[in-house]
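Coordinates in review
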Amino acid sequence: MPASQSKTAPHRPIRLLAVAGARPNFMKIAPLMKELALRRDRFEPILVHTGQHYDQAMSESFFRDLGIPEPDVNLGVGSGSHGEQTAQVLVAIEKLLVERKPDVVLVVGDVNSTIAATLAAVKLHVPVAHVESGLRSGDRAMPEEINRVLTDAVSEWLFTTEPSAETNLLREGVPKEKIHFVGNVMIDTLLAHREHARRLDSLERLGLSPRGYAVLTLHRPSNVDSPDQLRRLFGVLSRLGDRLPVVFPVHPRTRGVIEKNLQGERINLRMTEPLGYLEFLRLLMDAQMVLTDSGGIQEETTALGVPCLTLRESTERPVTVSEGTNTIVGTDPRAIEKAIEKQLASPWPAGRTPALWDGRAAVRIVDILERDLSGRIGPSVG
Ligand code: UD1
């Protein structure tokens, strides 16, 4: 230590570079940015938007609805193949890391931006904190599963949302000290915005009555990239649509396949543009049932106590089944039909809220980072 600096010199703030890129990242980064902003004296946050999602409806509206600060940097990478998208984020983030010299990189979830930012950081010896670590579907054909496994293998802080995650990480050889069960930042966001969403008049505007409609989302490549598979799903889902309104905000990926391959076919679903966070939450709250292939919606319906039928063969979020309101139905139309009938005939499931899904996950995460990083940061030289 230079003679001019005393042992009690104030420490400079921890420079934390947070990365968000695609729609499901935004609700996870929001409560973290809020918590970091409350600790301005301890943290200097830099928010990077990779630009993986870029439409008003897929990106901007979330920043507005959730009060996320304007990103400090937008890398503007846009769409592309997995290789292109990952590579572009990797190259752009590496440059930024060299320029900004953060003490830590914070990544969330499992999208291509998550693994790209992680790889760039660890190669430059910048430690990575991964929020929503340890989830495993066991299906390596899912691009997100590869992103999860690789991100976790090289991260220094692994923040988990449910007990299965720790089991998975320990099995993969991650030292226990790196694993922190902190709860669910996505549910922090849900709890913070639930009352606001409840006041919206979305149901009246769409002519829906509470419990008198279903909500559907579909965007997994395994469900929507094959027109035949999508046609099969629409067949059974349209039969549900004959009995009650099925509101279907269409992801751009799915819209592309519909426009190209399914023009003129019978689809009895109420298709809409992708909805903003608050409006979608309003619809989830009072749905009779939700049908989805999303990861996050399985958690949101569990937190809301709304029945969810997951149109996938597996889930990386088993707590939503063992404790919540989720059922893994698969993608076979007959199985879906049966599950729908059962759901229509049965009383609502009485799920319980998983441990630590209490709105304080971001606080726990930032506490741990502050504790662990404060000791590593040199005194202020300013
Ligand atoms: C990505 C994530 C997925 C997440 C999903 C939520 C990966 C591997 N996948 O999948 O985990 O659940 O986001 O949406 O990271 N497009 C637009 N506007 C946009 C963004 C995309 O029109 O703002 C279109 C483009 O045609 C693009 C396609 O949607 O090619 C797919 O986008 P992409 O980011 O590649 O993957 P998602 O399917 O959205």
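What counts as what
- Residues numbered from 1 in each chain as written.
- Predicted model: local features only at pLDDT ≥ 70, side-chain atom pairs only at ≥ 80, totals over all residues.
- Heavy atoms only, no water.
- Axes fitted to C-alpha atoms, helices over the stretch in contact; angles between N-to-C directions.
- Helix = DSSP H or I, 4+ residues; strand = E, 2+ residues; numbered from the N terminus.
- Parallel < 35°, antiparallel > 145°, perpendicular 65-115°, else oblique.
- Left-handed = near helix turned anticlockwise from the far one by under 90°.
- Contact = heavy atoms within 4.5 Å.
- Nonpolar A, V, L, I, M, F, W, Y, C, P; charged D, E, K, R; others polar.
- Near = heavy atom within 4 Å.
- Polar contact = N/O pair within 3.5 Å; in protein donor to acceptor, adjacent residues only side chain to side chain.
- Areas by Shrake-Rupley, 256 points an atom, 1.4 Å probe, with all protein chains shown as cover.
- Domains from an automatic or database assignment.
- Buried area = accessible area lost by both parts, 1.4 Å probe.
- Salt bridge = Lys/Arg side-chain N within 4 Å of Asp/Glu carboxyl O.
- Buried < 20%, exposed > 50% of the residue type's maximum accessible area, 1.4 Å probe, protein only.
- Core = buried A, V, L, I, M, F, W, Y, C linked by side-chain atoms within 4.5 Å.
- Phe/Tyr/Trp six-rings, centres within 6.5 Å; stacked < 30°, edge-to-face > 60°.
- Pairing = 2+ DSSP bridges.

So, about the packing of helix α3 (residues 82-100) against helix α4 (residues 112-123). Between α3 and α4, the shortest axis-to-axis distance is 8 Å and the interhelical angle comes to 40 degrees. As far as their axial angle goes, α4 and α3 are oblique. Here α3 and α4 pass one another in a crossing that is right-handed. Between α3 and α4, the residues in contact are H82, Q85, T86, V89, L90, I93, E94 and L97 and N112, S113, I115, A116, A117, L119, A120 and A121, respectively. Along the lines of polarity and charge, the residues of the contact of α3 with α4 split into ten nonpolar, five polar and one charged.

What surrounds the ligand is a group of 17 residues, the closest being H53, N112, E144, H219 and H251. The side chain of H53 places a nitrogen or oxygen atom 2.8 Å from an oxygen atom of the ligand. Here an oxygen atom of the ligand sits 2.9 Å away from a polar atom, N or O, in the side chain of R253. For the ligand, whose unbound accessible area comes to 740 Å², protein coverage reaches 85%. Among the elements of the structure, α3, α5 (143-154) and α11 (252-261) are those that each provide at least two residues to the shell around the ligand. Its residues assigned to classes, the shell around the ligand shows six nonpolar, eight polar and three charged. Each of domain 1 (3-183 + 358-374) and domain 2 (192-345) contributes no fewer than three residues to the shell around the ligand.

Our next topic: the domain arrangement of the protein chain. As assigned here, the protein chain comprises domain 1 (3-183 + 358-374) and domain 2 (192-345). The C-alpha-based centres of domain 1 and domain 2 are spaced at 28 Å. Of the residues lining the interface, 22 residues belong to domain 1; the matching set on domain 2 comes to 17 residues. Both faces combined, the contact of domain 1 with domain 2 buries some 1600 Å², and carbon together with sulfur accounts for 56% of it. It is D65, L66 and E162 that lose the most area in domain 1 upon contact with domain 2, and together they represent 27% of the buried surface on that side. Along the contact surface separating domain 1 from domain 2 lie three salt bridges. For E316, the salt bridge goes to R148, with nearest N and O atoms at 3.5 Å. Viewed at the interface, domain 2 and domain 1 are joined by six residue pairs in polar contact (both at pLDDT 80 or more). Listing elements by their share of the side of domain 1 that touches domain 2, those giving two or more residues are α1 (23-38), α2 (56-66) and α5. Of all the elements, α2 adds the most residues to the side of domain 1 that touches domain 2, at six residues. Class assignment for the residues of the side of domain 1 that touches domain 2 results in seven nonpolar, five polar and ten charged.

A few words now on the pattern of salt bridges. Counted under the stated rule, the structure contains 35 salt bridges. We note a salt bridge from R220 to E144, for which the minimum N-O separation is 2.9 Å. Note that R220 is positioned in the loop between β8 (214-217) and α9 (221-224) and E144 in helix α5, a separation of 76 residues in sequence. Here R220 matches E144 in class, with each residue buried.

Turning to its location among the elements, T310 is positioned in strand β12 (residues 308-310). Look at T310 and you get buried, because its relative accessible area is 0%. Within polar-contact distance, the side chain of T310 engages the side chain of N326 at 2.6 Å. Look past the residues within four positions of T310 in its chain and what remains in contact with it is T292, Q298, N326, T327, I328, V329 and G330.

It is worth spelling out the nonpolar core at this point. By size, the foremost hydrophobic cluster in this structure holds 59 residues, and its most contacted members are I29, L32, I68, L106, F159 and L369. In this structure, this core is formed jointly by two domains, domain 1 (3-183 + 358-374) and domain 2 (192-345), each of which donates at least three residues. Contacts of L106, omitting those with residues within four sequence positions, involve L16, L17, A18, V19, I29, L32, A129, V131 and L369.

Tracing the backbone through its elements, the reader meets N168 in helix α6 (residues 163-171). Judged by relative accessible area, which is 9%, N168 ranks as buried. The contacts of N168, once residues within four sequence positions are left out, are G134, L135 and R136.

Here the structure, examined in full by the defined rule, presents three aromatic pairs. Centroid distance F26 to F62: 6.4 Å. Interplanar angle 40 degrees. Geometry classified as tilted. On the criterion of sequence distance, the pair formed by F26 in helix α1 and F62 in helix α2 is long-range, its members being 36 residues apart. The buried category is assigned to F26, whose relative accessible area is 0%. A relative accessible area of 3% places F62 in the buried class. A connected cluster of aromatic rings, assembled from ring pairs, spans F26, F62 and F63.

Next up on the list: the sheet that holds strand β2 (residues 43-49). The parallel open sheet is built from seven strands, whose spatial order is β3-β2-β1-β4-β5-β6-β7. Here the strands that pair on one side only, and so sit at the sheet edges, are β3 (73-74) and β7 (179-181). Note that strand β1 (residues 14-20) and β2 share seven bridges and pair parallel. Looking across to β2, one finds that A18 is bridged to L47. Where α3 meets the sheet, its contacts fall on β1, β2, β3 and β4 (104-108), and the angle it forms with β1 comes to roughly 165 degrees.

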